[in-house]
Amino acid sequence: MSGFVHLHCHSTWSLLDGAIPAESLPHAAAALGYEAVALTDHDSLTGAVRFASACRTAGVKPIYGAELTITPASHVTVLAWNATGYGNLCRLISEAHLGHERGEPQTTMERIAERAEGLFVLSGCERGEVARLAQAGAIPQAIDAARRWRDAIGDGYRLEVFDHRGYGDHTLRNRLVRIARETGIKAVATNDVHYAAPVDAAAHEVLHAIKEIIPLSKTRALRHNSEYFLKSPEEMRALFYDLPEAADETLRIAEQCDFD
């Protein structure tokens, strides 16, 4: 398997957020030398069938997941590693939609813990509870939150670490690494993919402008750079040159995700 696997990727089924079709993601990954890739749309598995079909054509192993909303300001990334996990993820998504207003799905740590069998639960992007606390400099609280999640989920819980090269991102990455080491929770590297290549960042910004109902303007940019793309294994390894174990963990998770 290639030296890295993307475990946090959004397609156009992350409505007005992802800018790469689910059926294009596997081919883009294969072109970069990847042997596996995950699809993790917002509170949805809607693109799973098209994604699976494209993975077969591209010769890429599919990993099924979703970014689940805990509160409007908090997310976690959930990956199914077997058929039981896929069923549990489907139920979590259904409950999140049926139990709340249309367009505002939500779940809880307790519900995820109840259906944690067959799932990997990653702590999430900048909007994850642990990352938000770490970004605010509340390290003891972030450590407590990470331990709460680990105690609830068990061995399937991972701390998601990332660096989108924006202002303060490297500091946040280092804080998350510190939390992982102090808690003994394994770190896993991600890039929160929203488009295939840097040139597609403009399309992503248009989608966000539509979603937020704001004009396109340099002063109102929702993303500060074009780093949320499907980086190559070499680029991801270079980004985490001092943290190879976090990149290695993506490979271990991908190897365990098997529905056969």
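Refer to the structure presented above.
Residues numbered from 1 in each chain as written. Predicted model: local features only at pLDDT ≥ 70, side-chain atom pairs only at ≥ 80, totals over all residues. Heavy atoms only, no water.

Some thoughts on the side chain of Ser123
The topology assignment puts Ser123 in the loop between strand E4 (119-122) and helix H5 (129-135). Of note is the side chain of Ser123, whose polar atom sits 2.8 Å from the backbone nitrogen of Glu160. Each residue touching Ser123, except ones within four places of it in the same chain, is listed here: His75, Val76, Gly128, Glu129, Val130, Tyr157, Arg158, Leu159 and Glu160. (Helix = DSSP H or I, 4+ residues; strand = E, 2+ residues; numbered from the N terminus. Polar contact = N/O pair within 3.5 Å; in protein donor to acceptor, adjacent residues only side chain to side chain. Contact = heavy atoms within 4.5 Å.)

Section: the layout of surface pockets
If you add up the space inside the largest pocket, you get close to 1100 Å³. As for the largest pocket, its lining consists of 40 residues, and the residues nearest its centre are Asp17, His42, His75, Arg127 and Lys211. Contributions of two or more residues to the lining of the largest pocket are made by strand E2 (61-71) and helix H8 (201-212). Looking at the lining of the largest pocket residue by residue, the class counts come to 9 nonpolar, 18 polar and 13 charged. (1 Å grid on protein atoms, 1.4 Å probe; cavity = no way out; pocket = protein on both sides within 12 Å on 5 of 7 lines; lining within 4 Å. Points joined across faces, edges and corners; volume = space filled by probe spheres on them. Nonpolar A, V, L, I, M, F, W, Y, C, P; charged D, E, K, R; others polar.)

A closer look at the packing of aromatic side chains
Taken as a whole, this structure holds 3 aromatic pairs when the rule is applied. Ring geometry for Tyr64 versus Tyr86: centroids 5.6 Å apart, planes at 75 degrees, classification edge-to-face. Taken together, the positions of Tyr64 in strand E2 and Tyr86 in helix H3 (residues 83-98) put the pair 22 residues apart, joining distant regions of the chain. Classification of Tyr86 by relative accessible area gives partly exposed; the value is 25%. Three or more aromatic residues joined by ring pairs make a cluster, and in this case those are Phe51, Tyr64 and Tyr86. (Phe/Tyr/Trp six-rings, centres within 6.5 Å; stacked < 30°, edge-to-face > 60°. Buried < 20%, exposed > 50% of the residue type's maximum accessible area, 1.4 Å probe, protein only.)

Regarding the side chain of Arg173
As for its position among the elements, Arg173 is in helix H7 (residues 169-183). Apart from residues lying up to four places away in sequence, Arg173 is in contact with Phe162, Asp163, Leu239, Phe240 and Asp242.

Here's the deal with the pattern of salt bridges
On inspection of all chains with the given rule, the structure shows 12 salt bridges. Note that Arg173 is salt-bridged to Asp242, the shortest N-O span being 2.7 Å. Of this pair, Arg173 sits in helix H7 while Asp242 sits in the loop between helix H9 (233-239) and helix H10 (244-256); the two residues are 69 residues apart in sequence, bridging distant segments of the chain. Using a relative accessible area of 1% as the deciding quantity, one classes Arg173 as buried. In this structure, the salt-bridge partner of Glu249 is Arg252, at a minimum N-O distance of 2.8 Å. Of this pair, Glu249 and Arg252 both sit in helix H10, 3 residues apart, which is roughly one turn of the helix. Residue classification places Arg252 among the partly exposed positions, given a relative accessible area of 42%. Salt bridges sharing common partners tie together Arg158, Glu249 and Arg252. (Salt bridge = Lys/Arg side-chain N within 4 Å of Asp/Glu carboxyl O.)

Focus: the environment of Met236
In this fold, Met236 is placed in helix H9. A relative accessible area of 0% places Met236 in the buried class. Excluding its chain neighbours within four sequence positions, the residues that come into contact with Met236 are Phe4, His6, Tyr34, Thr190, Asn191 and Lys231.

With respect to unusual backbone geometry
A positive phi angle is found at Arg165, which is not glycine, with a value near 60 degrees. Within the secondary structure, Arg165 sits in the loop between strand E5 (157-161) and H7.

So, the pairing of E5
Counting buried residues along E5, 5 of its 5 residues qualify, which places the element largely inside the surrounding structure. Alternating residues of E5 divide into Tyr157, Leu159 and Val161 and Arg158 and Glu160, and every residue in both groups is buried. As paired strands, E4 and E5 are joined by 2 bridges and run parallel to one another. The residue of E5 that forms the bridge with Val121 is Tyr157. (Pairing = 2+ DSSP bridges.)

Some details on the nonpolar core
Membership of the largest hydrophobic core comes to 60 residues, with the highest contact counts inside it found for Leu68, Ile112, Val130, Trp149, Val161 and Ile179. Top contributing element to this core by residue count: helix H6 (residues 139-153), with 7 residues. (Core = buried A, V, L, I, M, F, W, Y, C linked by side-chain atoms within 4.5 Å.)

A look at helix H2 (residues 48-58)
Every buried residue belonging to H2 is among Ala48, Phe51, Ala52, Ala54 and Cys55, and all of these are buried. Buried residues of H2, viewed axially, fall in a sector of 165 degrees; they line one side. Seen from the open side of H2, the exposed residues pointing more than 90 degrees away from its buried face are Val49, Arg56 and Thr57. Each element contacted by the buried residues of H2 is listed here: helix H1 (25-31), strand E1 (36-42), E2 and H3. (Arc of directions from axis to C-beta.)

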